[in-house]
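A closer look at the structure
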Amino acid sequence: MQVVSLIDNYFRKKEILENIYVFDDGLIKGFLQMNGTEICKLYVDTFFQCKGIGRELIEYAIKEFHADNLLALEKNTRAISFYQRHGFRLTGQKQFEEGTTEYLVKMEK
């Protein structure tokens, strides 16, 4: 599963791991990383996408943490549409993603 290796490779810091919430119904299929009310990461393994897991994770973030903002990769129109369906809107702000030439766009609820 990509989810477990993704968490292992990118989130080894204790303070990050303390803010990771995993969708696990016997098999880890996705995760959510929060920082206050910001959704830092929302990831669903590609094999399990379009099965409602992302919806459950974002609804959990909104309900439990009052999630109201995030950054999304500008070229990831599928993710932007997903967030828009859940009440987030583009603010017009964007920034470079560290270490890349890609833009991140700011979204707020």
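Let me begin by describing the structure that accompanies this report. Keep in mind it's a predicted model, so treat the numbers as computed, not measured.

**Comments concerning helix α4 (residues 77-85)**
Those residues of α4 lying buried are Ala-79, Ile-80, Phe-82 and Tyr-83. For α4, the angular spread of the buried residues around the axis is 160°, confining them to a single face. Opposite the buried face of α4, at more than 90 degrees from it, the exposed residues are Thr-77 and Arg-85. The inward-facing, buried residues of α4 contact β3 (38-44), α3 (53-65), β4 (69-73), β5 (89-96) and β6 (103-108). Gly-87 sits one or two residues past α4 and shows a positive phi near 95°.

**Topic: the environment of Arg-55**
With respect to the secondary-structure elements, Arg-55 resides in helix α3. The spatial distance from the C-alpha of Arg-55 to the C-alpha of Phe-82 is 8.5 Å, given a sequence separation of 27 residues. Not counting the four nearest positions on each side in its chain, Arg-55 is found in contact with Phe-82 and His-86.

**Details of the pattern of salt bridges**
Evaluation of the coordinates by the stated rule reveals four salt bridges. Glu-59 is the partner of Arg-55 in a salt bridge, and the nearest nitrogen-oxygen pair spans 3.8 Å. Of this pair, Arg-55 and Glu-59 both sit in helix α3, four residues apart, roughly one helical turn. Take Glu-59: its relative accessible area is 39%, and that puts it in the partly exposed class.

**Focus on the pairing of strand β2 (residues 28-35)**
The buried fraction of β2 is high, at six of eight residues. Sheet analysis places β2 next to β3, joined by six bridges and oriented antiparallel. Across the sheet, the residue bridging to Met-34 is Ile-39, located in β3. Counting the residues that bridge the hairpin from β2 to β3 gives two residues, and of these Gly-36 lies at a positive phi of roughly 65°.

What counts and what doesn't
- Residues numbered from 1 in each chain as written.
- Predicted model: local features only at pLDDT ≥ 70, side-chain atom pairs only at ≥ 80, totals over all residues.
- Heavy atoms only, no water.
- Buried < 20%, exposed > 50% of the residue type's maximum accessible area, 1.4 Å probe, protein only.
- Helix = DSSP H or I, 4+ residues; strand = E, 2+ residues; numbered from the N terminus.
- Arc of directions from axis to C-beta.
- Contact = heavy atoms within 4.5 Å.
- Salt bridge = Lys/Arg side-chain N within 4 Å of Asp/Glu carboxyl O.
- Pairing = 2+ DSSP bridges.

Purely geometric stuff here, so don't read any function into it on its own.
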